[in-house]
Amino acid sequence: MISQIFILSSKGDHLIYKDFRGEVGKDAVTVFYEKVTALTGDQPPVVMSHKELHFVHIRQGGLYWVVTTTADSSPFTLVEFLNRLTTLIKDYCGSLSEKSVRMNFALIYELLDEVVDNGYIQTTSTDILKNFIQTEAVTSKPFSLFDLSNVGLFGAETQQSKVAPSAAAARPIMSSRGDQGGKSEIFVDVVERMSVVIGSNGVLMKVDVEGQIRVKCYMPSCLEMRIGLNEEFSIGKSQLRGYGAAVRVDECSFHQAVKLDEFDQHRILKVCPSQGEHVVMQYLLSDELPSAPPFRLFPTIERDNGGRLLMYLKLRCDLPPKRADREPCVSVCSRSPSLSQELSSPDQKAELRAETRAVHWDIPRFPGGAQLSALFKLEVPGLSSASMMEVGPVGLSFELPKYTCTGLQIRFLRLTPVQAGSSQRWVRYVTHSDSYTIRI
Amino acid sequence: MPYLGGEETVKELRRALSNPHVQGDPLRHRSTVLRVIRVMSQGVDVAGLFSEMVKACATTDVVQKKLVYVFLCSYASLNPELSLLVINTLRKDCQDPNPMVRSLALRNMTNLRLPSLVEYVQQPLTAGLRDRAACVRRVAVLGWAKLHSLQPHADIDAAVVNELYSMLRDNDPVVMVNCLRALEEILKEEGGVAVNKAIAHHLLNRLKECDVWGQCEVLGVLQRYRPHSEEELFDILSLLDPYLLSPSVPVMAATLGLFLSLCCRGLPAVSLAALRRAQAPLLAACGSASPEMKFTALCHVQLLLRSLPGLMGEHYKRFFCGYAEPAYIKQRKMQVLVELVNDDNVGFVLDELKGYCTDVSPDTAQAAISAIGRIGRSYSDQCLEILTGLLGLKQEHITSVVVQTMRDLVWVCPQCSESVCEALEGCEDTLQDSQGRQALLWLLGVHGDRVSSAPYVLEAFVEQVRSEMAAGVKTELLTATMRVFLCRPAETQDTLGRLLHYCIEEEADMNVRDQALLYYRLLHCGIEETRSVLQGRRSDPSLGVLIGRPAEPVSQWARSFNTLEPLRQCNAGAESAPQAAPYHLALDPEPSLDLCDPLNPSQDRQETAAESVNLLLPGPSAGPLAPGPTAGPPAPGSGGGQLGLSLSPALSPQQFEHLWLGGPQCPHGEPGAREEEEEEECVCVQERMGVSPALQCSPPPQLQAALQRSHIQTMAFTPPHTLPWRVYLYTHTRWGGPAPRGPTLVLGELLYTGGAEDQEGEGEGGERGLRVTAKQRPRDDEAMKGFLQVLSGALHTSSTGSC
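The shown structure was predicted, so the numbers you read here are calculated from the model rather than taken from an experiment. (Residues numbered from 1 in each chain as written. Chains lettered and ligands numbered in written order. Predicted model: local features only at pLDDT ≥ 70, side-chain atom pairs only at ≥ 80, totals over all residues. Heavy atoms only, no water.)

Caption draft 1: Examining the overall build of chain B more closely. Each helix and strand in chain B was counted, giving 38 helices and six strands. Of all 803 residues assigned to chain B, the portion counted as buried reaches 57%. A fraction of 67% describes how many contacts in chain B between residues 6 or more apart in sequence connect residues 24 or more apart. As presented, chain B carries roughly 33200 Å² of accessible surface, and 53% of it is formed by carbon and sulfur atoms. (Helix = DSSP H or I, 4+ residues; strand = E, 2+ residues; numbered from the N terminus. Buried < 20%, exposed > 50% of the residue type's maximum accessible area, 1.4 Å probe, protein only. Contact = heavy atoms within 4.5 Å. Areas by Shrake-Rupley, 256 points an atom, 1.4 Å probe, with all protein chains shown as cover.)

Caption draft 2: Just the overall build of chain A, in detail. If you tally the helices and strands in chain A, you get eight helices and 26 strands. Evaluated residue by residue, chain A yields a buried proportion of 57% over its 440 residues. Total accessible area on chain A is roughly 18000 Å²; 52% of this is exposed by carbon and sulfur atoms.

Caption draft 3: Fine view of the packing of aromatic side chains. Scanning the entire structure with this criterion turns up 22 aromatic pairs over all chains. Between the aromatic rings of F398(A) and Y436(A), the centroid separation amounts to 5.2 Å while the plane-to-plane angle is 75°, which identifies the pairing as edge-to-face. Of the two residues, F398(A) sits in strand β24 (residues 394-401) while Y436(A) sits in strand β26 (residues 424-438), which places them 38 residues apart along the sequence. A residue is classified by how much of its surface remains accessible, and F398(A), at 3% relative accessible area, is buried. Measuring from centroid to centroid gives 6.1 Å for F50(B) and F71(B), while their planes differ by 40°, and the two rings are tilted. Remark: F71(B) occurs in helix α5 (residues 62-75) and F50(B) occurs in helix α4 (residues 50-56); sequence separation between them is 21 residues. (Phe/Tyr/Trp six-rings, centres within 6.5 Å; stacked < 30°, edge-to-face > 60°.)

Caption draft 4: Up close: the pairing of strand β21 (residues 358-362) of chain A. Residue and element names in this part refer to chain A. Counting buried positions over the five residues of β21 gives four, a clear majority of the element. For strand β20 (residues 349-353) and β21, the ladder comprises five bridges, and the chain directions are antiparallel. Within the sheet, the bridge partner assigned to K349 lies in β21 and is D362. The hairpin formed by β20 and β21 contains four residues between the paired strands, and R357 there has a positive phi angle of roughly 50°. (Pairing = 2+ DSSP bridges.)

Caption draft 5: Region of interest: the interface of chain B and chain A. Contacts between chain B and chain A engage 84 residues on the former and 89 residues on the latter. Carbon and sulfur atoms supply 56% of the area buried between chain B and chain A, which totals about 7500 Å² over both sides. Sorting the residues of chain B by area buried against chain A places W213(B), Y323(B) and L564(B) first, and these three jointly supply 11% of that buried surface. The salt bridge involving K66(B) is made with E110(A); its shortest N-O contact spans 2.6 Å. At the surface where chain B touches chain A, the tally comes to 19 residue pairs in polar contact (both at pLDDT 80 or more). Of the residues in the side of chain B that touches chain A, the class split is 43 nonpolar, 21 polar and 20 charged. (Buried area = accessible area lost by both parts, 1.4 Å probe. Salt bridge = Lys/Arg side-chain N within 4 Å of Asp/Glu carboxyl O. Polar contact = N/O pair within 3.5 Å; in protein donor to acceptor, adjacent residues only side chain to side chain. Nonpolar A, V, L, I, M, F, W, Y, C, P; charged D, E, K, R; others polar.)

Caption draft 6: Examining the packing of helix α6 (residues 80-93) of chain B against helix α7 (residues 99-111) of chain B more closely. Residue and element names in this part refer to chain B. Put simply, α6 and α7 touch, their axes get as near as 8 Å, and they point 145° apart. In the crossing of α6 with α7, the sense of the turn from one axis to the other is left-handed. Here I87, L90, R91 and D93 of α6 come into contact with α7, specifically with V101, R102, A105 and M109. (Axes fitted to C-alpha atoms, helices over the stretch in contact; angles between N-to-C directions. Left-handed = near helix turned anticlockwise from the far one by under 90°.)

Caption draft 7: Highlighting the side chain of D172(B). Residues and elements named next belong to chain B. Checked against the element boundaries, D172 lands in the loop between α10 (158-166) and α11 (173-186). At 3.2 Å, the side chain of D172 forms a polar contact with the backbone nitrogen of V174. Once residues lying within four places of it in the same chain are set aside, the contact partners of D172 are A134, R137, R138 and R206.

Caption draft 8: Structural view of the environment of C321(B). Structurally, C321(B) is set in the loop between α17 (291-307) and α18 (327-340). Considering only alpha carbons, one finds C321(B) and S646(B), 325 residues apart in sequence, at a separation of 45 Å. Not counting the four nearest positions on each side in its chain, C321(B) is found in contact with S435(A), K330(B), K333(B), M334(B), E352(B) and Y356(B).

Caption draft 9: Fine view of helix α8 (residues 118-129) of chain B. All names here are of chain B. When the terminal C-alpha atoms of α8 are compared, their 16 Å separation across 12 residues agrees well with the 16 Å that a helix rising 1.5 Å per residue should span. Taken together, the buried positions of α8 are V118, V121, P124, L125, G128 and L129. Here the buried residues of α8 occupy an arc of 140° about the axis, which is enough to place them on one side. (Expected span 1.5 Å × (residues − 1). Arc of directions from axis to C-beta.)

Caption draft 10: Representation of the pattern of salt bridges in the model. Residues and elements named next belong to chain A. Inspection of every chain in the model, using the stated rule, returns 49 salt bridges over all chains. In this structure, D250 and R248 form a salt bridge, with 2.8 Å as the shortest nitrogen-oxygen distance. Residue classification places D250 among the buried positions, given a relative accessible area of 12%. Connected through shared salt-bridge partners, K11, D13, E98 and R102 make up one network.

Caption draft 11: The arrangement of the sheet that holds strand β1 (residues 4-9) of chain A in detail. Residue and element names in this part refer to chain A. In space, the five strands of this open sheet follow the order β2-β1-β5-β4-β3, with antiparallel pairing throughout. Only two strands of the sheet have a single partner each, and these edge strands are β2 (14-19) and β3 (47-50). Shown here is a sheet whose adjacent strand axes are inclined to one another by a mean of 20°, direction ignored. With six bridges joining them, β1 and strand β5 (residues 63-69) adopt antiparallel strand pairing. The residue of β5 that forms the bridge with L8 is Y64.

Caption draft 12: Quick peek at the nonpolar core. Membership of the largest hydrophobic core comes to 253 residues, with the highest contact counts inside it found for V46(B), F71(B), F319(B) and I375(B). Here this core takes 11 residues from helix α15 (residues 249-263) of chain B, the largest share from any one element. Once residues lying within four places of it in the same chain are set aside, the contact partners of F71(B) are V36(B), I37(B), M40(B), V46(B), L49(B), F50(B) and M53(B). By size, the runner-up hydrophobic cluster in this structure holds 37 residues, among which are F295(A), L313(A), A350(A) and V380(A). (Core = buried A, V, L, I, M, F, W, Y, C linked by side-chain atoms within 4.5 Å.)

Caption draft 13: Region of the structure containing the confidence of the model for chain B. Residue and element names in this part refer to chain B. Mean pLDDT over chain B: 78, with 80% of residues reaching 70 or higher. Note that residues 571-641 has pLDDT below 50 and, in this model, 112 contacts with residues that lie over four places away or in other chains. In this model residues 756-767 is a low-confidence stretch, pLDDT under 50, and it forms 11 contacts with partners more than four residues away in sequence or in other chains. Across the assembled chains, the prediction reports ipTM 0.84 with pTM 0.75. (pLDDT = per-residue confidence, 0-100.)

Caption draft 14: Seen up close, unusual backbone geometry. Residues and elements named next belong to chain A. For N118, which is not glycine, the phi dihedral falls at a positive 50°. For N118, the position within the fold is in the loop between β6 (116-117) and β7 (120-121). Residue classification places N118 among the buried residues on the basis of a relative accessible area of 5%.

Caption draft 15: Expanded view of the sheet that holds strand β25 (residues 410-416) of chain A. All names here are of chain A. Read across the sheet, three strands follow the order β14-β10-β25 without closing on themselves; strand pairing throughout is antiparallel. The sheet is open, and its two borders are formed by β14 (268-271) and β25, each paired with just one other strand. The mean angle between the axes of side-by-side strands here comes to 15°, regardless of whether they run parallel or antiparallel.

Caption draft 16: Region of the structure containing the state of the cysteines. Applying the stated rule across the entire model yields zero disulfides over all chains. Summary of cysteine pairing: C135(B) is not part of a disulfide, and the nearest cysteine sulfur, belonging to C94(B), is at 12 Å. (Disulfide = S-S within 2.5 Å.)

Quick look at the structure:
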């Protein structure tokens, strides 16, 4: 049961406030903001309590999305609801940021009114909501340099903002009524998140790939879509491995609405996509990769005579030559106060950031098969053999467009009934690093 | 936060709203209303515009209507009279042919929350229940719940309740679920909806039609249902089984909650099976992209592990921390990792944790170090190696946490003390914070005899005591210096004198001064008295068990599953700061000894000391029947009551040697037989024990821990695999029960000569045995018998355990 929902900016401005049950005063917003800003780094922020009142909140798009409740409710439901709410608002407003929420407050109030009544979640399906929602979204320019509000507080969010594969799908689902839009498009995205730990000896210590097939649909009506996956797609460890490039995942789950009658035979998913974004399938591969991990690092760390730490990093990209990585960033933890550097190409840059105490090495473009190197000289006061232990681990963050590390591909995408000319189908692949750690 | 110039804005908006030109132009009218809502959500008080907004409500533009309703619902309670004006428009809208307008009007009518309007609302609500459109029925059903909460004491018409019950069979699943919700609220005092068999089965059958949120709600209500037969129960469970693997986490959690509430009383095996089945989706949720969902899932994994320890042992890699994860998730993952450690993965887990110890966030680094300390209770050698290595970094915050962790580790694993004492050398220079220094002082005090530099480190501390701010450090310094003084008087006497002088004469903190005075008086009572007060146990191995912990029954936590409680508990846990610290305070017996002792004569003191130790440390050997640190079988003979062994007062090696050599000598060469030789009040006994020779191969720490559990302190060992193998040990006996007798001191030697003695053919047919020589003073035969029984019991368990 939900007492209130409110959305705050990271600075504590009230963007949206809606009270559903009249049990709690409006000062709850202030109480919440005081509590959340008073937390120290290690305290879990998700659930906070003040007397009889409980706050459950998530952070998305640099905003606090808060639910208050008085009774003991299911945390899974509340967190999932908030996540769903953010997707809904993103669908309707085009993007998720302080600016878009400010501009579309009327639309958001309207949505909240239909989604929750008397504190009970009524529906979050765009199929039903489209009959009720009347306000049209106001969109701003797709991106402005000054709009930094979507930079998150926690590291995870900055990663999050990179997830959005491109700006093409960042427009409101309702604008199709407007004059400029009218394009009935459908996007099918295969998004994979890698979390990898590579030991100091180069051995792969941990690999997890979490993948999703997301459908973002702008079509007002679509009866059925058939998504064909690789025919040699297999689930589970026990299955016999044939020759050739089998695509294997350990676990796999589907959205409620997916019909699987052709899945066992032909690996075809049947969905009737509703407007907006939905996760159709989720899968997980752990402990092994079909191909080599995309990046290898060969670090050498030495002390020179002048009491400096020499860090020679050689980074190799093991992707097929045509693939290129978009703006990978390497960061190495160290406590050194100053740095001098020699990089292999002038368009790269490296800096020492005080707040994370790490050297960040940004590489604008990294084609497959290439090898880059960098030499960092770090001044470490009181250099000892123990200081070597403090260097590392190396973290890589990257985004690989048009690449899936499980090898999952979409063979075809068919819509029935076949729509007249205007419908466009897009399939996009992206792999990004959830956490790619290389120990030194 | 009110904006400056809010009044100006309100005035301007009022002018615009009452402007007939604006009212005539729908688009301009709408945009003005929009502006009102915008300033309202920015926090400006726009209550003054109420009457203008009421007029704006009468429009055909649905968007504008919705906006005005947002305004009205926020301010209606401030203007109950004016709100009456709206009700007419709303009632008219309830007749509108468009179902959307009808539902909108009905919803906002009930959202105004004005008790004075109730009479006008009831009729449209009744009509709404029978509306053709499902969206109106959904609103109407919940409308009754809102009405009830407006007037909690007024009885709702029984006809309405009946109608709501009958609407559980409505075609629309949302209406059905809303009926459940409304009835739950209206009938709250009667305990909510009466879930009988018919309703339960109806709900179960329609579960499929509901969306995710509805399913959660229905599963929650079903928790109250009690099936009539086991057959019915299993039918329900098998129907629900697919929902356990639902891709939607809330549904999975609600289903698991229902499983637990249905089975945890009668069928614990079924609920455990359900937990195992739900493991996969829960693990998937732990890897969710949303950190909040991850956190929620992790907290619930911890709950599961209470009943199924080591459940996800083979999936330990899933709990490795990501590079950019927020600190609170990392900490929770480490807590889970500690629980999952087993022989196979300990190396990998420690390797991973070691990587986190140098994390840039000090919180994460601390959590990682404490996690290693926890694992150290079971795998001490590997963990100590890592911890010692970390000291080499000479980082302030790392050293502090490592020393605290070592203190906690030594308390539960006495076998670590040797290596900890070695590692301590030199780390006092790096320590800055008071927590870390307290831990160091405690270690120096308790193990001062093994750290060669201890008196000099303390001296350095004493020299800077004037600039010391933390009272905790000063008290710890006092105790530590006293303890080191007891074992190394020559080196410490001067330091102690200066410290006591400072604390008594100059110290401003009352606690510190009082404690110094207390120690001062104690020293006046004599060195033996002081020793018996200050030198208590150095460890309590019984607390160290991490693996093989008994599993809790599911019913212990089933109630809090899928509630906010597990997530909140974490909050409380985090507030009490460093993970390991709190229990340490509770376990350290010293403070209570220091406070209660000086006034009692020595005999009583020993009793209280022993008892307070026991109160604080209910070890496994001190069962509820045997108060005091007793162990082993009840005393033989009738006169005794309970025989207890106790470790305090502690003996120093020198004292032991003195007593051992000065005591009665046993005639050698006649083992096997029991020989006694009286000399004043002392007695010496020799006996053979048929203990397997494997004992001799067992590593000293293990035997030491085993004996300590029986309250026998080992003094010295020969290294394993050497012949002859000797162990020296001592204990104090104490009679509990109705017939108290004086305590006695028992010194013992275990001697194993291996094959050499077999050839002599003496003893019981050449049996490989262990010769026990025990000396007691004053003499008490029954106590001696009891001691020998306890000892042989302890040796047997430890020798069988070690192989």
